[in-house]
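Tertiary structure, described
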Amino acid sequence: MSATLLYTASWLYSPGQTSIAGGAVAVRDGRIVEIGTAGELIAGYGRPTGDYPGCVIMPGFVNAHTHLELTHFPAWRLRDGLDYHPHRFVDWIIQMIKVRRGVTLEEACVSLKAGVNACLRAGTTSVGDIVTSADLLSAYAGSSIGGRIYLELIGQDRQIFEPRLARVMEAVRTVDGIRQPGLSPHAPYTLNSSLLADIATAARQGDLPLSLHLAESRDESDLLFDSSGPLAEEMYPLVGWQDFLPSPRRTTPAGFFDGGGLLGPSTLAVHGVQLTPADAALLKERGVTICLCPRSNERLAVGTAPVHLFKKLGIPLCLGTDSLASNDSLSLWDEIRFALDCYRGELGPEKLLEMATKGGAAGIGLAGHVGSLEAGKRADFQLVELDGVCTAERLLETGRVRGVCLEGVSVFGGAAEPVSGTEI
(Lines give C-alpha, C1' and ligand atoms only; values in the text may rest on other atoms or scores of the structure.)
Protein backbone atom coordinates (compact mmCIF):
# COMPACT_ATOMS: atom_id res chain seq x y z
CA MET A 1 0.00 0.00 0.00
CA SER A 2 1.25 3.50 -0.85
CA ALA A 3 2.31 5.83 1.93
CA THR A 4 -0.16 8.42 3.17
CA LEU A 5 0.87 12.05 2.76
CA LEU A 6 -0.35 14.53 5.33
CA TYR A 7 -0.57 18.29 4.80
CA THR A 8 -1.41 20.68 7.63
CA ALA A 9 -2.09 24.41 7.67
CA SER A 10 -3.58 27.14 9.81
CA TRP A 11 -6.87 26.75 7.96
CA LEU A 12 -8.73 24.29 5.78
CA TYR A 13 -11.33 25.96 3.55
CA SER A 14 -13.76 24.65 0.96
CA PRO A 15 -16.40 27.10 -0.35
CA GLY A 16 -19.83 26.40 1.07
CA GLN A 17 -18.43 24.59 4.10
CA THR A 18 -17.30 25.76 7.52
CA SER A 19 -13.58 26.59 7.68
CA ILE A 20 -11.47 24.34 9.91
CA ALA A 21 -8.87 26.06 12.08
CA GLY A 22 -5.68 24.03 12.27
CA GLY A 23 -6.84 21.82 9.42
CA ALA A 24 -5.24 18.93 7.59
CA VAL A 25 -5.61 16.80 4.45
CA ALA A 26 -4.51 13.16 4.21
CA VAL A 27 -3.63 11.93 0.70
CA ARG A 28 -2.95 8.49 -0.71
CA ASP A 29 -2.43 7.52 -4.36
CA GLY A 30 -3.27 11.04 -5.47
CA ARG A 31 -6.68 11.06 -3.77
CA ILE A 32 -7.94 12.67 -0.59
CA VAL A 33 -8.36 10.05 2.12
CA GLU A 34 -9.57 12.23 4.95
CA ILE A 35 -9.85 15.86 6.08
CA GLY A 36 -10.08 17.17 9.62
CA THR A 37 -8.09 18.95 12.29
CA ALA A 38 -4.33 18.56 12.35
CA GLY A 39 -4.49 16.96 15.79
CA GLU A 40 -6.93 14.29 14.66
CA LEU A 41 -5.10 13.39 11.46
CA ILE A 42 -1.60 13.46 12.98
CA ALA A 43 -2.84 10.98 15.59
CA GLY A 44 -3.97 8.68 12.79
CA TYR A 45 -1.28 9.19 10.14
CA GLY A 46 1.82 10.46 11.91
CA ARG A 47 3.95 13.53 11.28
CA PRO A 48 2.94 15.90 8.46
CA THR A 49 4.58 15.63 5.06
CA GLY A 50 4.18 19.39 4.76
CA ASP A 51 3.19 21.99 7.34
CA TYR A 52 2.07 25.45 6.24
CA PRO A 53 1.52 27.84 9.14
CA GLY A 54 -0.12 31.09 8.15
CA CYS A 55 -1.69 29.42 5.12
CA VAL A 56 -5.05 28.10 3.95
CA ILE A 57 -5.42 24.78 2.16
CA MET A 58 -8.30 25.21 -0.28
CA PRO A 59 -9.46 23.48 -3.48
CA GLY A 60 -7.66 24.31 -6.67
CA PHE A 61 -9.72 26.47 -8.99
CA VAL A 62 -11.54 25.09 -12.02
CA ASN A 63 -11.30 27.51 -14.96
CA ALA A 64 -14.36 26.27 -16.82
CA HIS A 65 -13.72 28.14 -20.06
CA THR A 66 -10.43 29.10 -21.61
CA HIS A 67 -8.39 28.84 -24.81
CA LEU A 68 -4.86 28.19 -23.56
CA GLU A 69 -3.40 27.96 -27.06
CA LEU A 70 -4.02 31.73 -27.33
CA THR A 71 -1.83 32.62 -24.34
CA HIS A 72 0.75 34.25 -26.61
CA PHE A 73 -1.89 36.09 -28.65
CA PRO A 74 -0.76 39.55 -27.45
CA ALA A 75 2.76 38.86 -28.78
CA TRP A 76 1.47 37.43 -32.07
CA ARG A 77 -0.76 40.45 -32.56
CA LEU A 78 2.18 42.79 -32.06
CA ARG A 79 4.40 40.75 -34.37
CA ASP A 80 1.82 40.81 -37.15
CA GLY A 81 1.26 44.55 -36.96
CA LEU A 82 -2.30 44.05 -35.70
CA ASP A 83 -1.82 45.46 -32.22
CA TYR A 84 -4.97 47.55 -31.95
CA HIS A 85 -7.96 47.47 -29.66
CA PRO A 86 -11.07 46.40 -31.60
CA HIS A 87 -14.06 48.68 -31.12
CA ARG A 88 -16.68 46.12 -32.15
CA PHE A 89 -17.12 42.40 -31.57
CA VAL A 90 -16.75 41.67 -35.28
CA ASP A 91 -13.52 43.71 -35.39
CA TRP A 92 -12.13 41.43 -32.69
CA ILE A 93 -13.23 38.32 -34.60
CA ILE A 94 -11.55 39.60 -37.76
CA GLN A 95 -8.39 40.46 -35.85
CA MET A 96 -8.40 36.98 -34.33
CA ILE A 97 -8.74 35.33 -37.76
CA LYS A 98 -5.91 37.37 -39.27
CA VAL A 99 -3.53 36.75 -36.37
CA ARG A 100 -4.34 33.05 -36.12
CA ARG A 101 -3.58 32.51 -39.81
CA GLY A 102 0.05 33.36 -39.15
CA VAL A 103 0.57 31.04 -36.17
CA THR A 104 2.36 27.72 -36.65
CA LEU A 105 1.46 24.51 -34.84
CA GLU A 106 4.71 24.66 -32.90
CA GLU A 107 3.97 28.22 -31.77
CA ALA A 108 0.47 27.22 -30.68
CA CYS A 109 1.85 24.29 -28.66
CA VAL A 110 4.38 26.53 -26.90
CA SER A 111 1.59 29.02 -26.18
CA LEU A 112 -0.67 26.31 -24.74
CA LYS A 113 2.09 25.09 -22.42
CA ALA A 114 2.64 28.64 -21.22
CA GLY A 115 -1.07 28.85 -20.52
CA VAL A 116 -1.00 25.70 -18.41
CA ASN A 117 1.89 27.11 -16.39
CA ALA A 118 0.09 30.44 -15.91
CA CYS A 119 -3.02 28.64 -14.67
CA LEU A 120 -1.07 26.64 -12.11
CA ARG A 121 0.73 29.73 -10.83
CA ALA A 122 -2.68 31.31 -10.28
CA GLY A 123 -4.05 28.39 -8.25
CA THR A 124 -6.01 26.74 -11.07
CA THR A 125 -5.70 22.95 -11.10
CA SER A 126 -8.37 22.02 -13.67
CA VAL A 127 -9.45 23.65 -16.90
CA GLY A 128 -12.20 23.49 -19.48
CA ASP A 129 -9.88 24.18 -22.38
CA ILE A 130 -10.90 24.58 -26.03
CA VAL A 131 -8.39 23.32 -28.60
CA THR A 132 -8.76 24.04 -32.31
CA SER A 133 -6.79 21.05 -33.52
CA ALA A 134 -6.18 17.50 -32.36
CA ASP A 135 -2.49 18.12 -33.05
CA LEU A 136 -2.40 20.42 -30.02
CA LEU A 137 -3.25 17.63 -27.60
CA SER A 138 0.41 16.67 -27.45
CA ALA A 139 1.14 19.98 -25.72
CA TYR A 140 -0.46 18.55 -22.60
CA ALA A 141 2.05 15.70 -22.40
CA GLY A 142 3.90 15.72 -19.09
CA SER A 143 1.45 18.07 -17.39
CA SER A 144 -0.61 17.01 -14.38
CA ILE A 145 -3.23 19.73 -14.73
CA GLY A 146 -6.64 18.13 -14.92
CA GLY A 147 -9.96 19.00 -16.48
CA ARG A 148 -11.86 18.68 -19.73
CA ILE A 149 -10.33 19.20 -23.18
CA TYR A 150 -12.98 20.22 -25.69
CA LEU A 151 -12.13 19.78 -29.37
CA GLU A 152 -13.56 22.65 -31.36
CA LEU A 153 -15.94 22.20 -34.27
CA ILE A 154 -16.41 24.93 -36.89
CA GLY A 155 -17.78 24.73 -40.41
CA GLN A 156 -20.41 25.47 -43.02
CA ASP A 157 -19.63 23.09 -45.87
CA ARG A 158 -20.68 19.49 -45.17
CA GLN A 159 -18.03 18.05 -47.50
CA ILE A 160 -15.33 19.73 -45.43
CA PHE A 161 -17.01 19.26 -42.06
CA GLU A 162 -17.68 15.51 -42.17
CA PRO A 163 -14.02 14.42 -42.42
CA ARG A 164 -13.14 17.06 -39.80
CA LEU A 165 -15.68 15.59 -37.38
CA ALA A 166 -14.34 12.09 -38.08
CA ARG A 167 -10.80 13.21 -37.20
CA VAL A 168 -12.03 14.83 -34.01
CA MET A 169 -13.85 11.67 -32.95
CA GLU A 170 -10.65 9.68 -33.48
CA ALA A 171 -8.71 12.21 -31.41
CA VAL A 172 -11.07 12.19 -28.42
CA ARG A 173 -10.20 8.55 -27.84
CA THR A 174 -6.63 9.61 -27.06
CA VAL A 175 -7.73 11.90 -24.21
CA ASP A 176 -8.05 10.04 -20.93
CA GLY A 177 -6.80 9.83 -17.36
CA ILE A 178 -6.62 13.12 -15.47
CA ARG A 179 -8.07 14.96 -18.49
CA GLN A 180 -11.30 13.94 -20.14
CA PRO A 181 -12.53 14.77 -23.66
CA GLY A 182 -15.45 16.83 -24.88
CA LEU A 183 -16.69 18.63 -28.00
CA SER A 184 -16.98 22.35 -28.58
CA PRO A 185 -19.48 23.33 -31.29
CA HIS A 186 -17.99 26.81 -31.46
CA ALA A 187 -20.85 29.28 -31.92
CA PRO A 188 -24.06 29.91 -33.88
CA TYR A 189 -22.20 32.19 -36.30
CA THR A 190 -19.54 29.60 -37.20
CA LEU A 191 -21.72 26.53 -37.71
CA ASN A 192 -24.29 25.63 -40.33
CA SER A 193 -27.56 24.49 -38.79
CA SER A 194 -27.54 21.38 -41.01
CA LEU A 195 -24.45 20.11 -39.15
CA LEU A 196 -25.82 20.30 -35.60
CA ALA A 197 -27.59 16.94 -35.72
CA ASP A 198 -24.30 15.26 -36.71
CA ILE A 199 -22.59 16.83 -33.72
CA ALA A 200 -25.42 15.80 -31.39
CA THR A 201 -25.20 12.21 -32.63
CA ALA A 202 -21.41 12.12 -32.23
CA ALA A 203 -21.63 13.55 -28.71
CA ARG A 204 -24.30 11.06 -27.70
CA GLN A 205 -22.46 8.06 -29.13
CA GLY A 206 -19.18 9.10 -27.54
CA ASP A 207 -20.76 10.20 -24.24
CA LEU A 208 -19.07 13.56 -24.74
CA PRO A 209 -20.15 16.76 -22.93
CA LEU A 210 -20.36 20.00 -24.88
CA SER A 211 -19.01 23.51 -24.41
CA LEU A 212 -20.36 26.20 -26.71
CA HIS A 213 -20.26 29.99 -27.04
CA LEU A 214 -23.80 31.26 -26.67
CA ALA A 215 -25.40 34.70 -26.99
CA GLU A 216 -22.09 36.50 -26.53
CA SER A 217 -22.89 39.56 -28.66
CA ARG A 218 -25.73 41.42 -30.28
CA ASP A 219 -24.09 40.73 -33.67
CA GLU A 220 -24.72 37.03 -33.13
CA SER A 221 -28.40 37.66 -32.41
CA ASP A 222 -28.78 39.83 -35.51
CA LEU A 223 -27.26 37.15 -37.73
CA LEU A 224 -29.62 34.48 -36.46
CA PHE A 225 -32.72 36.63 -36.60
CA ASP A 226 -32.52 38.09 -40.09
CA SER A 227 -29.04 37.23 -41.47
CA SER A 228 -27.94 40.84 -41.14
CA GLY A 229 -25.26 42.76 -39.31
CA PRO A 230 -21.46 42.90 -39.37
CA LEU A 231 -20.92 39.15 -39.01
CA ALA A 232 -22.86 38.57 -42.23
CA GLU A 233 -21.44 41.61 -44.01
CA GLU A 234 -17.79 41.48 -42.91
CA MET A 235 -16.78 38.17 -41.33
CA TYR A 236 -18.53 35.79 -43.73
CA PRO A 237 -16.89 37.31 -46.87
CA LEU A 238 -13.47 37.28 -45.15
CA VAL A 239 -13.60 33.50 -44.63
CA GLY A 240 -15.43 32.67 -47.84
CA TRP A 241 -18.77 31.77 -46.28
CA GLN A 242 -20.96 34.26 -48.13
CA ASP A 243 -22.62 31.46 -50.11
CA PHE A 244 -23.65 29.78 -46.86
CA LEU A 245 -25.46 32.78 -45.45
CA PRO A 246 -29.01 31.51 -44.85
CA SER A 247 -32.26 33.33 -45.37
CA PRO A 248 -33.66 35.00 -42.22
CA ARG A 249 -34.34 32.34 -39.57
CA ARG A 250 -36.13 34.44 -36.96
CA THR A 251 -34.50 32.52 -34.14
CA THR A 252 -32.14 33.19 -31.23
CA PRO A 253 -28.75 31.67 -30.36
CA ALA A 254 -30.38 29.38 -27.81
CA GLY A 255 -33.10 28.40 -30.28
CA PHE A 256 -30.46 27.66 -32.91
CA PHE A 257 -28.58 25.19 -30.72
CA ASP A 258 -31.73 23.72 -29.20
CA GLY A 259 -33.09 23.02 -32.66
CA GLY A 260 -29.99 20.93 -33.33
CA GLY A 261 -30.35 18.98 -30.09
CA LEU A 262 -27.25 20.44 -28.44
CA LEU A 263 -28.74 21.81 -25.22
CA GLY A 264 -28.83 19.39 -22.30
CA PRO A 265 -27.50 18.60 -18.80
CA SER A 266 -24.00 17.98 -20.15
CA THR A 267 -23.88 21.31 -22.04
CA LEU A 268 -21.85 24.26 -20.81
CA ALA A 269 -23.06 27.52 -22.36
CA VAL A 270 -20.39 30.21 -22.24
CA HIS A 271 -21.11 33.96 -21.89
CA GLY A 272 -24.94 34.18 -22.14
CA VAL A 273 -24.76 37.97 -22.27
CA GLN A 274 -27.61 38.44 -24.75
CA LEU A 275 -29.95 35.72 -23.48
CA THR A 276 -33.60 36.70 -23.38
CA PRO A 277 -35.81 35.64 -20.44
CA ALA A 278 -37.43 33.01 -22.67
CA ASP A 279 -34.07 31.62 -23.74
CA ALA A 280 -32.80 31.58 -20.15
CA ALA A 281 -35.91 29.61 -19.19
CA LEU A 282 -35.15 27.20 -22.03
CA LEU A 283 -31.62 26.66 -20.71
CA LYS A 284 -33.02 26.00 -17.25
CA GLU A 285 -35.48 23.49 -18.68
CA ARG A 286 -32.70 21.70 -20.56
CA GLY A 287 -30.42 21.56 -17.50
CA VAL A 288 -27.66 23.68 -19.06
CA THR A 289 -24.92 25.31 -16.96
CA ILE A 290 -23.78 28.87 -17.78
CA CYS A 291 -20.15 29.96 -17.58
CA LEU A 292 -19.63 33.66 -16.92
CA CYS A 293 -16.59 35.47 -18.35
CA PRO A 294 -17.10 39.05 -17.14
CA ARG A 295 -13.66 40.48 -17.97
CA SER A 296 -13.81 39.21 -21.55
CA ASN A 297 -17.31 40.63 -21.97
CA GLU A 298 -16.13 44.00 -20.68
CA ARG A 299 -13.07 43.99 -22.94
CA LEU A 300 -15.16 43.25 -26.04
CA ALA A 301 -17.94 45.66 -24.98
CA VAL A 302 -20.70 43.10 -25.58
CA GLY A 303 -22.62 43.82 -22.38
CA THR A 304 -23.12 42.20 -18.98
CA ALA A 305 -24.75 38.83 -18.45
CA PRO A 306 -28.17 39.06 -16.71
CA VAL A 307 -27.06 37.25 -13.58
CA HIS A 308 -30.17 38.32 -11.68
CA LEU A 309 -32.23 36.36 -14.21
CA PHE A 310 -30.00 33.29 -13.99
CA LYS A 311 -30.24 33.35 -10.20
CA LYS A 312 -34.00 33.75 -10.27
CA LEU A 313 -34.31 30.71 -12.52
CA GLY A 314 -31.79 28.68 -10.52
CA ILE A 315 -29.43 28.07 -13.45
CA PRO A 316 -26.08 26.59 -12.31
CA LEU A 317 -23.20 29.05 -12.75
CA CYS A 318 -19.43 28.82 -13.02
CA LEU A 319 -16.53 31.06 -14.07
CA GLY A 320 -13.98 31.17 -16.88
CA THR A 321 -11.26 33.58 -17.91
CA ASP A 322 -11.67 33.01 -21.66
CA SER A 323 -8.28 33.62 -23.37
CA LEU A 324 -5.58 36.25 -23.42
CA ALA A 325 -7.01 37.36 -26.75
CA SER A 326 -9.75 39.07 -24.70
CA ASN A 327 -8.39 39.21 -21.16
CA ASP A 328 -5.39 40.38 -19.17
CA SER A 329 -4.69 37.20 -17.21
CA LEU A 330 -5.67 33.56 -16.78
CA SER A 331 -6.19 34.04 -13.04
CA LEU A 332 -9.59 33.18 -11.61
CA TRP A 333 -8.62 35.22 -8.56
CA ASP A 334 -8.57 38.23 -10.88
CA GLU A 335 -11.85 37.13 -12.46
CA ILE A 336 -13.57 36.83 -9.08
CA ARG A 337 -12.37 40.24 -7.94
CA PHE A 338 -13.70 41.80 -11.14
CA ALA A 339 -16.96 39.87 -10.87
CA LEU A 340 -17.53 41.21 -7.36
CA ASP A 341 -17.86 44.67 -8.82
CA CYS A 342 -19.45 43.64 -12.12
CA TYR A 343 -22.26 41.70 -10.42
CA ARG A 344 -22.43 43.84 -7.30
CA GLY A 345 -25.32 42.79 -5.11
CA GLU A 346 -25.89 39.61 -7.12
CA LEU A 347 -22.83 37.46 -6.41
CA GLY A 348 -20.82 37.71 -3.21
CA PRO A 349 -17.34 36.41 -2.28
CA GLU A 350 -18.47 33.01 -1.00
CA LYS A 351 -20.68 32.34 -4.02
CA LEU A 352 -17.99 33.37 -6.49
CA LEU A 353 -15.39 31.15 -4.81
CA GLU A 354 -17.89 28.31 -4.96
CA MET A 355 -18.44 28.97 -8.68
CA ALA A 356 -14.67 28.84 -9.21
CA THR A 357 -14.41 25.45 -7.50
CA LYS A 358 -17.49 23.22 -7.18
CA GLY A 359 -19.39 25.15 -9.83
CA GLY A 360 -16.60 24.84 -12.36
CA ALA A 361 -16.16 21.15 -11.66
CA ALA A 362 -19.86 20.53 -12.24
CA GLY A 363 -19.84 22.73 -15.33
CA ILE A 364 -17.22 20.61 -17.08
CA GLY A 365 -18.74 17.35 -15.87
CA LEU A 366 -16.16 16.47 -13.23
CA ALA A 367 -18.03 17.20 -10.00
CA GLY A 368 -17.22 13.74 -8.64
CA HIS A 369 -13.49 14.21 -9.10
CA VAL A 370 -12.44 17.80 -8.30
CA GLY A 371 -13.75 21.09 -6.96
CA SER A 372 -13.86 20.46 -3.21
CA LEU A 373 -11.85 18.95 -0.40
CA GLU A 374 -13.64 15.64 0.07
CA ALA A 375 -12.54 12.04 0.56
CA GLY A 376 -12.23 10.24 -2.75
CA LYS A 377 -11.56 13.33 -4.87
CA ARG A 378 -8.27 14.22 -6.53
CA ALA A 379 -5.89 15.87 -4.09
CA ASP A 380 -5.69 19.09 -6.10
CA PHE A 381 -5.39 22.09 -3.84
CA GLN A 382 -3.79 25.49 -3.53
CA LEU A 383 -1.94 26.92 -0.56
CA VAL A 384 -2.93 30.51 0.10
CA GLU A 385 -1.05 32.69 2.54
CA LEU A 386 -3.46 34.59 4.78
CA ASP A 387 -3.26 36.72 7.90
CA GLY A 388 -5.99 36.31 10.47
CA VAL A 389 -9.28 34.41 10.37
CA CYS A 390 -10.15 32.61 7.13
CA THR A 391 -13.23 34.00 5.41
CA ALA A 392 -14.12 34.36 1.74
CA GLU A 393 -13.86 38.14 2.06
CA ARG A 394 -10.38 38.03 3.60
CA LEU A 395 -9.14 35.53 1.04
CA LEU A 396 -10.07 37.93 -1.75
CA GLU A 397 -8.72 40.96 0.08
CA THR A 398 -5.34 39.72 1.32
CA GLY A 399 -4.74 36.11 0.23
CA ARG A 400 -1.60 35.24 -1.71
CA VAL A 401 -1.03 31.99 -3.61
CA ARG A 402 1.98 30.25 -2.10
CA GLY A 403 1.86 26.86 -3.80
CA VAL A 404 -0.19 24.29 -5.68
CA CYS A 405 -0.44 20.53 -5.30
CA LEU A 406 -1.74 18.20 -8.00
CA GLU A 407 -2.71 14.71 -6.86
CA GLY A 408 -1.01 15.53 -3.57
CA VAL A 409 2.31 16.43 -5.18
CA SER A 410 3.64 19.99 -5.06
CA VAL A 411 4.14 21.49 -8.52
CA PHE A 412 5.45 24.77 -7.18
CA GLY A 413 5.83 26.50 -3.85
CA GLY A 414 8.00 28.83 -1.88
CA ALA A 415 7.66 32.60 -1.78
CA ALA A 416 4.08 33.75 -1.68
CA GLU A 417 2.57 35.13 -4.88
CA PRO A 418 -0.32 37.63 -5.05
CA VAL A 419 -3.69 36.25 -6.03
CA SER A 420 -4.07 39.14 -8.46
CA GLY A 421 -1.75 39.31 -11.45
CA THR A 422 -0.09 35.92 -11.01
CA GLU A 423 0.64 35.55 -14.72
CA ILE A 424 4.18 34.63 -15.71
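Residues numbered from 1 in each chain as written. Predicted model: local features only at pLDDT ≥ 70, side-chain atom pairs only at ≥ 80, totals over all residues. Heavy atoms only, no water.

Here's the deal with the overall build of the chain
Counting secondary structure elements, the chain contains 15 helices and 17 strands. The C-alpha radius of gyration of the chain comes to 21 Å, within 12% of the 22 Å expected for a compact globule of 424 residues. Taken along its principal axes, the extent of the C-alpha atoms in the chain is 70 × 45 × 45 Å. Counting only residues that meet the buried cut, the chain has 56% of its 424 residues in that class. In the chain, the share of contacts with a sequence separation of at least 24, taken over all contacts with a separation of at least 6, comes to 70%. Just so you have it, the chain exposes about 16200 Å², and 51% of that area is on carbon and sulfur atoms. For the chain, the distance from the average position of its 36 positive side-chain charges to the average position of its 48 negative side-chain charges is 2 Å. (Helix = DSSP H or I, 4+ residues; strand = E, 2+ residues; numbered from the N terminus. Rg over C-alpha atoms; globule rule 2.2 N^0.38 Å. Buried < 20%, exposed > 50% of the residue type's maximum accessible area, 1.4 Å probe, protein only. Contact = heavy atoms within 4.5 Å. Areas by Shrake-Rupley, 256 points an atom, 1.4 Å probe, with all protein chains shown as cover. Lys, Arg positive; Asp, Glu negative; His and termini not counted. Charge placed at Lys NZ, Arg CZ, Asp CG, Glu CD.)

Describing the side chain of Lys-377
By secondary structure assignment, the location of Lys-377 is in the loop between α14 (349-363) and β14 (381-385). A residue is classified by how much of its surface remains accessible, and Lys-377, at 10% relative accessible area, is buried. Engagement of the side chain of Lys-377 in a polar contact is seen with the side chain of Ser-372, the distance being 2.7 Å. Look past the residues within four positions of Lys-377 in its chain and what remains in contact with it is Gly-30, Arg-31, Ile-32, Ala-367, Gly-368, His-369, Val-370 and Ser-372. (Polar contact = N/O pair within 3.5 Å; in protein donor to acceptor, adjacent residues only side chain to side chain.)

So, the side chain of Thr-125
The residue Thr-125 is located in strand β7 (residues 124-131) in this model. In this structure Thr-125 touches Gly-60, Phe-61, Ile-145, Gly-146, Arg-378, Asp-380, Phe-381, Val-404, Cys-405 and Leu-406, once residues within four positions along its chain are discounted.

Brief notes about the packing of aromatic side chains
Tallying each qualifying case throughout the model produces 6 aromatic pairs. Ring centres of Tyr-236 and Trp-241 lie 5.5 Å apart, and the angle between their planes is 75°; this geometry places the pair in the edge-to-face category. Residue class for Trp-241 comes out buried when judged on its relative accessible area of 14%. An aromatic cluster of three or more residues is present, and its members are Phe-89, Trp-92 and Tyr-189. Over the aromatic face of Phe-225 sits the side chain of Arg-250, whose NZ or CZ is 4.8 Å from the ring centroid. (Phe/Tyr/Trp six-rings, centres within 6.5 Å; stacked < 30°, edge-to-face > 60°. Lys NZ or Arg CZ within 6 Å of the ring centre and 35° of its normal.)

Describing empty space enclosed by the protein
Evaluated as defined, the whole model comprises 1 cavity of 30 Å³ or more. One number sums up the size of the largest cavity: a volume of about 40 Å³. What lines the largest cavity is simply Pro-59, Gly-60, Thr-125, Val-370, Gly-371, Ser-372, Arg-378 and Asp-380. Grouping the constituent residues of the lining of the largest cavity by class yields 2 nonpolar, 4 polar and 2 charged. (1 Å grid on protein atoms, 1.4 Å probe; cavity = no way out; pocket = protein on both sides within 12 Å on 5 of 7 lines; lining within 4 Å. Points joined across faces, edges and corners; volume = space filled by probe spheres on them. Nonpolar A, V, L, I, M, F, W, Y, C, P; charged D, E, K, R; others polar.)

Considering the state of the cysteines
The full count for this structure, using the stated rule, is 0 disulfides. Looking at Cys-109, it has no disulfide partner, and the nearest cysteine sulfur is the one in Cys-119, 16 Å off. Note on Cys-109: relative accessible area 13%, which makes it buried. (Disulfide = S-S within 2.5 Å.)

Structural notes on the pairing of strand β6 (residues 61-66)
Taking burial as the measure, the 6 residues of β6 include 6 buried ones, the bulk of the element. Here β6 pairs with β7 via 4 bridges, running parallel. Following the sheet pairing, Asn-63 is matched in β7 by Val-127. (Pairing = 2+ DSSP bridges.)

Comments concerning the confidence of the model for the chain
For the chain, per-residue confidence averages 95 on the pLDDT scale, and residues scoring 70 or more make up 97% of the total. Contacts of residues 414-418 to residues separated by more than four positions or lying in other chains number 14 contacts, the stretch itself having pLDDT below 50. (pLDDT = per-residue confidence, 0-100.)

What to know about the environment of Leu-68
Within the fold, Leu-68 resides in the loop between β6 and α2 (73-79). Taking relative accessible area as the criterion, Leu-68 reaches 0% and is therefore assigned buried. Each C-alpha atom of the pair Leu-68 and Glu-234 lies 27 Å from the other, and the pair is 166 residues apart in sequence. Residue contacts for Leu-68: discarding those within four places in its chain leaves Ser-111, Leu-112, Gly-115, Val-116, Cys-119, Val-127, Asp-129, Tyr-140 and Leu-330.

Side note on the nonpolar core
Leu-183, Leu-292, Leu-353 and Leu-395 are the most contacted members of the largest nonpolar core, which totals 111 residues. Top element by residues in this core is helix α3 (residues 89-101). It accounts for 8 residues. Among the nonpolar cores identified, the runner-up in size contains 14 residues, and Ala-9, Cys-55, Ala-379 and Cys-405 belong to it. (Core = buried A, V, L, I, M, F, W, Y, C linked by side-chain atoms within 4.5 Å.)

Remarks on the environment of Ala-21
You can see Ala-21 is positioned in strand β2 (residues 20-21). Looking at Ala-21, the relative accessible area reads 48%, which means it is partly exposed. Through-space distance from the C-alpha of Ala-21 to that of Val-56 is 9.2 Å; in sequence the pair is 35 residues apart. Those residues in contact with Ala-21, other than ones at most four positions away along the chain, are Ser-10 and Trp-11.

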